[in-house]
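# Structure assessment
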Amino acid sequence: MTPRPSSSGPDPKKTAAKQAAEKKTTGKQAAAKKAPSKKTAKTTEGAGTAKAGVKKTATKKSATKKAPADKAVTKTAVTKKAAAKKPSARKSAAKKPAARKVTAPAVEIAVSPSLDAGDRERLLAGTHHDPHSVLGAHRVPGGVAFRALRPYAREVTVLSGDLRVGLHDDGDGFFSGLLPLREVPLHRLRVAYEETVQEVEDPYRFLPTLGELDLHLIGEGRHEQLWQALGAHPMTHDGVAGTRFTVWAPNARGVRVAGGFNFWDGTGHPMRSLGATGVWELFLPGVGAGELYKFEITRADGSRTFRADPLARATEVPPATSSVVHASHYTWGDEEWLARRADAPAHEAPMSVYEVHLASWRPGLTYRELAEQLPAYVADLGFTHVELMPVAEHPFGGSWGYQVTGFYAPTARLGEPDDFKYLVDRLHQAGIGVLMDWVPAHFPRDDWALAEFDGRPLYEHSDPLRAAHPDWGTLEFDFGRREVRNFLVANAVYWCEEFHIDGLRVDAVASMLYLDYSREPGQWTPNERGGRENLDAVAFLQEMNATVYRRVPGVVTVAEESTAWDGVTRATHHKGPSGFGGLGFGLKWNMGWMHDSLQYMGHEPVHRRYHHGEMTFSMVYAYSENYVLPISHDEVVHGKRSLVSKMPGDWWQQRANERAYLAFMWAHPGKQLLFMGQEFAQGAEWSEAHGPDWWLLDPEYGAAADHRGVRDLVRDLNTVYRTTPALWRLDTHPSGFAWVVGDAAEDNVLAFLRLDADGTPLLAVSNFAPVVRADYRLGVPDDIPAWHEVLNTDAARYGGGDVGNPDPVKPEPQGWHGRPASVRLTLPPLATVWLRPA
């Protein structure tokens, strides 16, 4: 669980005494900040600051001093506070009769019709579904009735033109009055506390800010820009600046807004229900960007819970948990990038990906500081894309972002949302695409976030067996509920549209697809067809992919899916042998290739002959999906060792093995992904606490040249890769690959051709034995007059022994390996060489 600071909402477990003490302390601090010199100054309601007038009363405690930091204020507590203020209010009124005087002689205040006891009780208890029908101004027999709910206030005055009418104090924070007017006037409220006066708009004079179309789409679960309807939105409504608050809480008996603008007491700001959609809404004048807030939800049993906004677009820095009202003012500069992003599908274009954990790449850097370093570094190494481990807000840094609480907010640890936009923008301007890890499979159980959000299972499945994720102690989303699917589908669109993200790598897809994932017999229930497939999750993934590809041309979605599910990257409308349509992803992580190839490389070379199939098996299924070859963060943590440390032998052999493996990987069909630190052969496992060991590259370090050599190889791999269409044009088509020799297990040699659409080849040869193989004959096409070596991982500049083929190699007319011609090559030890037509 995440620690809860005072600014992050209430702790319902606190005792009444402790609450009272904290309210007093917080009030004193607030009052100290609110000490202006003028007696009649205007302030916005949201600011809650010292721009209002002050009535100095040395002998009395300030009403604002009693504004609680703990937001869980009970009806009894409110009643006692109101009662305690009545004498002070009367005395103050006597000292300032003008404040209660009707300045327009023709209009006199009268006692308004008494508030229905049920309405009064529901408003105080936070269970009123339509506070606008009671509060504000309404035509009644005899005129217009005004009613306000302002806890801790000693006077409330209605202001309209020259009209200034003090309302009657009805107790419990209620103020009311009846004016003999024919129409409801535009009006404001002047609210006097013991040491502060605020002149504010009346929130309960405004019509709903959410339109019928929005509500219809929300009700159907089809609002593809849900973030524009729900959450907190600074706006101008009916000519008044403020913030619209909206939240989906269908099981709530009532919802109120609490924040710094009302001293974290939502009593005076109940929201209205907008009908069967389960959406609650309130426009608060004067509340602007930067304000902290939460929703105070009254559950079915009458208890209350304070929750962060599920669609908050900004948050406090963890471990604080409040949502933050946000308005973006960013101006993008990546028009050129976006204009050409859709020129070619991802699987037919070069894609080599550098995976980054932003918080630890260079620890301590903000988004904007990263924007000054990361694009230059990645561009220098020649990667086409970065993949950012999850950036959505999460309470526990040790989860690396994979346990999300703020699905619509970039983590505040590194800056504000516009700062994150700046980082993406700078990457685009450097010619680098941005992929982002996205986690729609599950969410943590923190009691201020999504878990039982409105008192009952809402975002999670109502069946506890379906809700609990067996591996991570989290909760799985209820993919069968249309509003939950809408929340997630819109979230995918949000990152692509609002932050210009070029692709989403969807985490833990396998755990979503199977009802029996990590579950024993008896712990799961078959689907309606009697199978183990999660049909709701299948439908969700299909809808998400179809929606993203339709709305944002040029993006790519990537599935981290570790099973043999049929059709992960097949179109959703094409059914496979299993009867399911494809999931619609653009690419899929090839977890099988990763596991098999790393297992092979971990063997001593003398034993590799017995495991040769681990390097060739991937070509049996290479074209069943559109693949990414991932050496990700998951492979270099938790005792798995770093990439270079997985390799056998001494330090020279370990580096040679890694270099040979990387070049084999870059030549293999599929896109490449490498986690930070592996590009310079970091020996230690990655830790989010300190990030890559950059000191290994320091010239003062004795072995720096060894690490720089591996990084130089990665740069050259990317350079040759990007300029060689044979390595990527036909990545997903069998015509782009041909074995030269795949069964030389005794030699530990693999050789194959990669082919461009016009037949232009690249010959890749890997020798995973620690011996030089001279005059090694390989069959080649007979229409290539000569070959030249374009890359050799044993080159001296990479730290190798500089064994290779410096001169062009001419084919001989001797057939070999079933081909009409052959070449004789010198194969360096533990190395991969690439050759292209001279």
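Cut-offs used in this document
- Residues numbered from 1 in each chain as written.
- Predicted model: local features only at pLDDT ≥ 70, side-chain atom pairs only at ≥ 80, totals over all residues.
- Heavy atoms only, no water.
- Helix = DSSP H or I, 4+ residues; strand = E, 2+ residues; numbered from the N terminus.
- Buried < 20%, exposed > 50% of the residue type's maximum accessible area, 1.4 Å probe, protein only.
- Areas by Shrake-Rupley, 256 points an atom, 1.4 Å probe, with all protein chains shown as cover.
- Contact = heavy atoms within 4.5 Å.
- Pairing = 2+ DSSP bridges.
- Axes fitted to C-alpha atoms, helices over the stretch in contact; angles between N-to-C directions.
- Parallel < 35°, antiparallel > 145°, perpendicular 65-115°, else oblique.
- Nonpolar A, V, L, I, M, F, W, Y, C, P; charged D, E, K, R; others polar.
- Salt bridge = Lys/Arg side-chain N within 4 Å of Asp/Glu carboxyl O.
- Expected span 1.5 Å × (residues − 1).
- Polar contact = N/O pair within 3.5 Å; in protein donor to acceptor, adjacent residues only side chain to side chain.
- Core = buried A, V, L, I, M, F, W, Y, C linked by side-chain atoms within 4.5 Å.
- 1 Å grid on protein atoms, 1.4 Å probe; cavity = no way out; pocket = protein on both sides within 12 Å on 5 of 7 lines; lining within 4 Å.
- Points joined across faces, edges and corners; volume = space filled by probe spheres on them.
- Bend = angle between axes of the 7 residues up to and from the residue.
- Phe/Tyr/Trp six-rings, centres within 6.5 Å; stacked < 30°, edge-to-face > 60°.
- Lys NZ or Arg CZ within 6 Å of the ring centre and 35° of its normal.

Here the focus is the overall build of the protein. Across its full length, the protein carries 17 helices and 35 strands. In the protein, which comprises 838 residues, the proportion classed as buried is 60%. Of the roughly 31200 Å² that the protein leaves accessible, carbon and sulfur atoms contribute 52%.

This part is about the environment of leucine 365. Tracing the chain through its elements places leucine 365 in the loop between helix H6 (358-361) and helix H7 (367-381). Overall, leucine 365 belongs to the buried group, its relative accessible area being 16%. Separated by 49 residues in sequence, leucine 365 and leucine 414 have C-alpha atoms that sit 7.1 Å apart. Apart from residues lying up to four places away in sequence, leucine 365 is in contact with Leu370, Gln373 and Leu414.

Taken across its five residues, strand S8 (residues 197-201) has five buried, putting it largely inside the fold. Where burial is concerned, the two faces of S8 agree: the one with Val197, Glu199 and Glu201 and the one with Gln198 and Val200 are both buried.

Turning our attention to the sheet that holds strand S30 (residues 749-755). In space, the five strands of this open sheet follow the order S29-S30-S31-S35-S33, with antiparallel pairing throughout. Two strands in the sheet have a free side with no partner beyond their single neighbour: strand S29 (737-744) and strand S33 (787-792). Mean inter-strand twist for the sheet, computed between neighbouring axes without regard to direction, equals 20°. Lying over the sheet, helix H16 (residues 651-667) contacts S30, strand S31 (761-767), S33 and strand S35 (831-837), oriented at roughly 40° with respect to S35.

For the pair H16 and helix H17 (residues 704-722), the least separation of the axes is 11 Å and the interaxial angle reads 10°. Taken together, the axes of H16 and H17 are roughly parallel relative to one another. Here Trp651, Arg655, Glu658, Arg659, Leu662, Ala663 and Trp666 of H16 come into contact with H17, specifically with Asp706, His707, Val710, Leu713, Val714, Leu717, Asn718 and Tyr721. Its residues assigned to classes, the contact of H16 with H17 comprises nine nonpolar, two polar and four charged.

If you trace the four strands from one edge of the open sheet to the other, you get S1-S2-S6-S5, paired in antiparallel fashion. Two strands in the sheet have a free side with no partner beyond their single neighbour: strand S1 (136-140) and strand S5 (168-171). Ignoring which end each strand starts from, the neighbouring axes of this sheet average 25° apart. Note: S1 against strand S2 (residues 143-149), five bridges, orientation antiparallel. Paired with valine 140 across the two strands is glycine 143, which belongs to S2. Most of the contacts of helix H3 (residues 117-125) go to strand S6 (residues 174-179), to which it runs at about 140°, and overall it touches S2, S5 and S6.

In this section: the pattern of salt bridges. For the structure shown, the criterion picks out 41 salt bridges. A salt bridge links arginine 609 to glutamate 746; its shortest N-O distance comes to 3.1 Å. Of this pair, arginine 609 sits in the loop between helix H13 (591-602) and helix H14 (613-616) while glutamate 746 sits in the loop between S29 and S30, placing them 137 residues apart in sequence. Residue arginine 609 is classed as partly exposed on the basis of its relative accessible area, which comes to 31%. What emerges from the salt-bridge pattern is a single network uniting Arg188, Glu199, Glu201, Arg205 and Asp238.

Residues separated by three or four positions in an α-helix point in the same direction, a consequence of the helix having 3.6 residues per turn. Between its terminal C-alpha atoms H13 stretches 16 Å, which fits the 16 Å expected from twelve residues at 1.5 Å a residue. Here H13 has its buried residues at Met591, Trp593, Met594, Asp596, Ser597, Leu598, Tyr600 and Met601. Residues of H13 that are buried sit in contact with strand S26 (587-589), H14, helix H15 (618-621), strand S27 (627-631) and H16.

Our next topic: the side chain of asparagine 262. Residue placement: asparagine 262 occurs in the loop between strand S11 (254-259) and strand S12 (272-273). Of note is the side chain of asparagine 262, whose polar atom sits 2.9 Å from the backbone oxygen of valine 257. A distance of 2.9 Å separates the side chain of asparagine 262 from the backbone nitrogen of glycine 259, its partner in a polar contact. Setting aside chain neighbours within four positions, we find asparagine 262 in contact with Val257 and His269.

Here the focus is unusual backbone geometry. The peptide bond linking proline 318 to proline 319 adopts the cis configuration, its omega dihedral lying at 15°. Relative to the helices and strands, proline 319 is located in the loop between strand S15 (304-307) and strand S16 (323-324). Even without glycine at this site, tryptophan 400 takes up a positive phi of about 65°. Its location among the elements puts tryptophan 400 in the loop between strand S19 (392-393) and strand S20 (406-410).

Turning next to the side chain of histidine 394. Locating histidine 394 in the fold gives a position in the loop between S19 and S20. Within polar-contact distance, the side chain of histidine 394 engages the backbone oxygen of alanine 392 at 2.9 Å. Histidine 394 has contacts with Pro318, Ser399, Trp400, Gly401, Gln403, Val404, Thr405, Thr411 and Arg413, leaving out every residue within four places of it along the chain.

Below, the discussion takes up the nonpolar core. By size, the foremost hydrophobic cluster in this structure holds 179 residues, and its most contacted members are Phe245, Leu358, Phe420, Trp495 and Trp834. Grouped together as the second largest cluster of nonpolar side chains are 22 residues, Val740, Ala751, Leu753 and Val833 included.

A few words now on empty space enclosed by the protein. Using the criterion set out here, one finds nine cavities of 30 Å³ or more in the structure. Computed from the structure, the largest cavity encloses a volume of approximately 150 Å³. Along the walls of the largest cavity sit 13 residues, with Arg150, Pro151, Tyr193, Asn262 and His269 positioned nearest its centre. For the lining of the largest cavity, a count of residues per class yields six nonpolar, four polar and three charged. The space that makes up the second largest cavity amounts to roughly 120 Å³. Thr315, Thr321, Glu393, Thr405 and Trp448 are the residues nearest the centre of the second largest cavity, which is lined by 18 residues in total. Partitioning the lining of the second largest cavity into residue classes produces seven nonpolar, eight polar and three charged.

Relative to S6, S5 runs antiparallel, the two sharing three bridges. The partner of histidine 168 across the bridge, within S6, is serine 176. The turn linking S5 back onto S6 is made up of two residues, and aspartate 172 within it adopts a positive phi angle of 60°.

This part takes up the environment of isoleucine 631. With respect to the helices, strands and loops of the structure, isoleucine 631 is situated in strand S27. By relative accessible area, which is 0% here, isoleucine 631 ends up buried. Expressed as a C-alpha distance, the spacing of isoleucine 631 and leucine 673, which sit 42 residues apart in the sequence, is 5.9 Å.

This part covers the environment of aspartate 507. Topologically, aspartate 507 is positioned in the loop between strand S24 (503-506) and helix H11 (509-513). Here the alpha-carbon distance between aspartate 507 and valine 439, two residues 68 residues apart in the chain, equals 5.2 Å. Ignoring anything within four residues of it in the chain, the contact list for aspartate 507 reads Tyr402, Trp438, Val439, Pro440, Ala441, Met512 and Glu560. In terms of polar contacts, aspartate 507 uses its side chain to reach the side chain of arginine 505, at 2.9 Å.

Turning our attention to H7. In a regular helix each residue adds 1.5 Å, so 15 residues correspond to 21 Å; H7 covers 21 Å between its end C-alpha atoms and thus fits that length. If you look at H7, its biggest bend is around 30°, right at glutamine 373, and the proline proline 375 turns up within four residues after that. Positive phi shows up at glycine 382, right after H7, with a value of about 85°.

Let us look at the packing of aromatic side chains. For the coordinates displayed, the defined rule picks out 45 aromatic pairs. Note on phenylalanine 245 and tyrosine 293: the rings are 5.1 Å apart at their centroids and 65° apart in plane angle, and the pair reads as edge-to-face. Highlighted residues: phenylalanine 245 in strand S10 (residues 240-248) and tyrosine 293 in strand S14 (residues 292-298), separated in sequence by 48 residues. Its relative accessible area of 0% is what places phenylalanine 245 among the buried residues. Across the ring face of tryptophan 361, the terminal group of arginine 362 is positioned such that the distance to the ring centre comes to 4.8 Å. Lying over the aromatic face of tyrosine 422, arginine 368 brings its terminal NZ or CZ to 4.4 Å of the ring centre.

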